[in-house]
Amino acid sequence: MVEYIPTPIKWVREQIEKYESSGGTEGTTLLDTGLPCIIVTHKGNRSGAIRKTALMRVKDADNYILIGSRGGAPKNPVWVYNLRKHGDVEIRDETEVFSMRVREVVDEAERARVWAIGVEAFPPYEDYRNKTARKIPVFIAEPV
């Protein structure tokens, strides 16, 4: 059995535990924002262990857009490296769970299109982009 390693970030760990223990009926919004979030289950790029990340829910038809903003921090979130190495993920969106495959968006036109969808869903992404010198990674999760 593959080991699950919870995130060291306390509020994220608690959000994931609440989301999953309720079967997706509680903890489905980001803190006090009321904005919906999802849980992405993925494999660690070094450990191979199961990791879980709470991200904003950004949908594009049947696809999910995953934005590695980390609040505009200078470094990428660790999950970005996990997805670059292991593209098969599971996404929990409230009570539904989907097997998905992710790909990083490299085409600039596609990136601009999905970035706009992300900002519409969660406007602070634009502030985060302006706050950091790095190019914020963007992924699309597509149904398998």
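Residues numbered from 1 in each chain as written. Predicted model: local features only at pLDDT ≥ 70, side-chain atom pairs only at ≥ 80, totals over all residues. Heavy atoms only, no water.

A. Structural context of the pairing of strand 4 (residues 63–67). Of all five residues in strand 4, five are buried, a share of seventy percent or more. Residues Asn-63, Ile-65 and Ile-67 point to one face of strand 4 and Tyr-64 and Leu-66 to the other, with burial holding for every one of them. Bridge analysis of strand 3 (residues 59–60) against strand 4 gives two bridges, and the strand direction is antiparallel. Paired with Lys-59 across the strands is Tyr-64, a residue of strand 4. Here strand 3 hands over to strand 4 after two residues, with Ala-61 in that stretch at a positive phi of 60 degrees. (Buried < 20%, exposed > 50% of the residue type's maximum accessible area, 1.4 Å probe, protein only. Helix = DSSP H or I, 4+ residues; strand = E, 2+ residues; numbered from the N terminus. Pairing = 2+ DSSP bridges.)

B. Up close: the pattern of salt bridges. All chains considered together, the criterion is met by 10 salt bridges. The residue Glu-14 makes a salt bridge to Lys-10 at a minimum N-O spacing of 2.8 Å. Placement of the pair is Glu-14 and Lys-10 together in helix 1 (residues 10–21), with a separation of four residues, close to one helical turn. Between Glu-104 and Arg-84 there is a salt bridge; the shortest N-O distance is 2.8 Å. (Salt bridge = Lys/Arg side-chain N within 4 Å of Asp/Glu carboxyl O.)

C. View of the environment of Arg-46. One can find Arg-46 in the loop between strand 1 (37–43) and strand 2 (50–56). Using a relative accessible area of 81% as the deciding quantity, one classes Arg-46 as exposed. C-alpha separation for the pair Arg-46 and Tyr-81, spaced 35 residues apart in sequence, amounts to 9.3 Å.

D. Layout of the environment of Tyr-128. In this structure, Tyr-128 sits in helix 4 (residues 124–131). Linking Tyr-128 and Ser-69, residues 59 residues apart in sequence, is a C-alpha distance of 6.5 Å. Residues within four places of Tyr-128 in sequence aside, it is in contact with Ser-69, Gly-71, Gly-72, Phe-122 and Ile-136. (Contact = heavy atoms within 4.5 Å.)

E. Here's a closer look at the sheet that holds strand 5 (residues 88–93). Across the sheet, which stays open at both edges, the seven strands sit in the order 2-1-5-6-7-4-3 with antiparallel pairing between neighbours. Pairing within the sheet leaves two strands with one partner each, and these edge strands are strand 2 and strand 3. Sheet topology places strand 1 next to strand 2; seven bridges connect them, and they run antiparallel. Residue pairing across strands places Ile-38 opposite Leu-55, the latter belonging to strand 2.

F. Region of interest: helix 3 (residues 108–121). The end-to-end C-alpha distance of helix 3 is 20 Å, a good match for the 20 Å that 14 residues give at a rise of 1.5 Å each. Taken as a whole, helix 3 has its buried residues at Arg-111, Val-114, Trp-115, Gly-118 and Val-119. Axial view of helix 3: buried residues confined to an arc of 150 degrees, hence all on one face. What points out from helix 3, more than 90 degrees from its buried face, is the exposed set Ala-109 and Glu-120. (Expected span 1.5 Å × (residues − 1). Arc of directions from axis to C-beta.)

It is worth stressing that arrangement in space is one thing and function is another; only the former is reported here.
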